[in-house]
Amino acid sequence: GNSVTQMEGPVTLSEEAFLTINCTYTATGYPSLFWYVQYPGEGLQLLLKATKADDKGSNKGFEATYRKETTSFHLEKGSVQVSDSAVYFCALRADSWGKLQFGAGTQVVVTP
Amino acid sequence: DAGVTQSPTHLIKTRGQQVTLRCSPKSGHDTVSWYQQALGQGPQFIFQYYEEEERQRGNFPDRFSGHQFPNYSSELNVNALLLGDSALYLCASSSRLAGGQETQYFGPGTRLLVL
């Protein structure tokens, strides 16, 4: 079956540090890939997405590239802020009805 | 433009009781999906409704049921509550008319505690 694996947290960084969160997936066909972010006490917000191989999704300084050869969709940001502290979820959608399958989430803590 | 709204925000029930959670989709959206997020875990897909019919279902027992109304809003019902049903229940909406690559937008969730 389809699955998403992402690196365990928490990831603790200083402000202005470089952030990478690894995400790999297993799926048949050509899934769409997503990163969602969840701030404390809130629902999920779409951060970025990519729908085909080699696409790069980007938003608010975050980027991720859909790598079919390595079945990966790693999230990166060049300079994090305290406000980026949240839980980040990698997800895939493998069928047209839109069911999302999520990884377990990675907590990121950014300190001043 | 209102986003996805859910009610109530919090709910406390006891084992064996029944609960109904409500969701209004984002304006222009016709498809509603429900997810369960246990503490410290990623959301798990429960089911999806489109045109008032359940279109997909995840690995959840029949105690979990739903409904979609003509105005696209939706309800999630859980019968015979168990302690393990304590979780954040998330509703997500999307537009099937937008094509097969539509994006799901999530509401703030309903936090259910079963005692």
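In this text the structure is predicted, and so the values were computed from the model without any measurement.

Draft legend 1. Fine view of the overall build of chain A. Per the secondary structure count, chain A includes zero helices and twelve strands. In chain A, the order of α-helices and β-strands from amino to carboxyl end is β-β-β-β-β-β-β-β-β-β-β-β. Here chain A has a C-alpha radius of gyration of 13 Å; the compact-globule value for 112 residues is 13 Å, and the two agree. Expressed as a percentage of the 112 residues in chain A, the buried residues total 43%. In chain A, 55% of the contacts between residues at least 6 apart in sequence involve partners at least 24 apart. When the accessible area of chain A is evaluated, it comes to approximately 5200 Å², of which 48% is carbon and sulfur surface. In chain A, 9 positive and 11 negative side-chain charges are present, and the distance between their average locations comes to 9 Å.

Draft legend 2. Broad picture of the packing of aromatic side chains. According to the stated counting rule, one finds twelve aromatic pairs over all chains in the structure shown. Pairing Tyr25(A) with Tyr66(A) gives two aromatic rings, centres 6.1 Å apart and planes at 85 degrees, and the pair type is edge-to-face. Here the residue Tyr25(A) occupies a position in strand S4 (residues 23-26), and Tyr66(A) occupies one in the loop between strand S8 (62-65) and strand S9 (75-77), the gap between them amounting to 41 residues. Tyr25(A) sits in the buried class, given a relative accessible area of 5%. Ring centres of Tyr36(A) and Phe106(B) lie 5.2 Å apart, and the angle between their planes is 80 degrees; this geometry places the pair in the edge-to-face category. You can see Tyr36(A) sitting in strand S5 (residues 32-38) and its partner Phe106(B) sitting in strand S10 (residues 105-106), one on each of two chains. The same class applies to Tyr36(A) as to Phe106(B), namely buried. Through successive ring pairs, a cluster of aromatic residues spans Phe34(A), Tyr36(A), Phe89(A), Phe102(A), Tyr35(B), Phe45(B) and Phe106(B). Here Arg96(B) stacks its cationic end above the ring of Tyr50(B), 6.0 Å away from the centre of that ring.

Draft legend 3. A look at the state of the cysteines. Scanning the model with the defined rule gives two disulfides over all chains in all. The side chain of Cys23(A) participates in a disulfide bridge whose partner is Cys90(A); the two sulfur atoms lie 1.9 Å from each other. Residues Cys23(A) and Cys90(A) are joined through a disulfide that is left-handed, its torsion about the S-S bond being -70 degrees. In this pair, Cys23(A) is assigned in strand S4 and Cys90(A) in strand S10 (residues 86-93), connecting sequence segments 67 residues apart. Both residues of the pair, Cys23(A) and Cys90(A), count as buried. Each sulfur in the disulfide pair Cys23(B) and Cys91(B) lies 1.8 Å from the other. Taking the sign of the S-S torsion, -60 degrees for the link of Cys23(B) and Cys91(B), the bridge is left-handed. Residue Cys23(B) is found in strand S3 (residues 19-24), and its partner Cys91(B) is found in strand S9 (residues 87-94); the two are separated by 68 residues along the sequence.

Draft legend 4. Region of interest: the sheet that holds strand S7 (residues 56-59) of chain A. All names here are of chain A. If you trace the four strands from one edge of the open sheet to the other, you get S3-S9-S8-S7, paired in antiparallel fashion. Strands with a single pairing partner mark the edges of an open sheet, and in this sheet they are strand S3 (19-21) and S7. When strand polarity is set aside, the average angle formed by the axes of neighbouring strands in this sheet is 15 degrees. Sheet topology note: the S7/S8 ladder contains four bridges and is antiparallel. When the sheet's bridge partners are listed, serine 58 is paired in S8 with glutamate 63.

Draft legend 5. Broad picture of the pattern of salt bridges. Inspection of the entire model under this criterion finds seven salt bridges over all chains. The residue Glu63(A) makes a salt bridge to Lys56(A) at a minimum N-O spacing of 3.6 Å. Between Glu54(B) and Arg57(B) there is a salt bridge, with its nearest N and O atoms 3.1 Å apart. The exposure class of Glu54(B) is partly exposed, given its relative accessible area of 35%.

Draft legend 6. Up close: the environment of Pro61(B). Along the polypeptide, Pro61(B) turns up in the loop between strand S6 (53-57) and strand S7 (64-68). Judged by its relative accessible area of 39%, Pro61(B) is partly exposed.

Conventions we followed
- Residues numbered from 1 in each chain as written.
- Chains lettered and ligands numbered in written order.
- Predicted model: local features only at pLDDT ≥ 70, side-chain atom pairs only at ≥ 80, totals over all residues.
- Heavy atoms only, no water.
- Helix = DSSP H or I, 4+ residues; strand = E, 2+ residues; numbered from the N terminus.
- Rg over C-alpha atoms; globule rule 2.2 N^0.38 Å.
- Buried < 20%, exposed > 50% of the residue type's maximum accessible area, 1.4 Å probe, protein only.
- Contact = heavy atoms within 4.5 Å.
- Areas by Shrake-Rupley, 256 points an atom, 1.4 Å probe, with all protein chains shown as cover.
- Lys, Arg positive; Asp, Glu negative; His and termini not counted.
- Charge placed at Lys NZ, Arg CZ, Asp CG, Glu CD.
- Phe/Tyr/Trp six-rings, centres within 6.5 Å; stacked < 30°, edge-to-face > 60°.
- Lys NZ or Arg CZ within 6 Å of the ring centre and 35° of its normal.
- Disulfide = S-S within 2.5 Å.
- Pairing = 2+ DSSP bridges.
- Axes fitted to C-alpha atoms, helices over the stretch in contact; angles between N-to-C directions.
- Salt bridge = Lys/Arg side-chain N within 4 Å of Asp/Glu carboxyl O.

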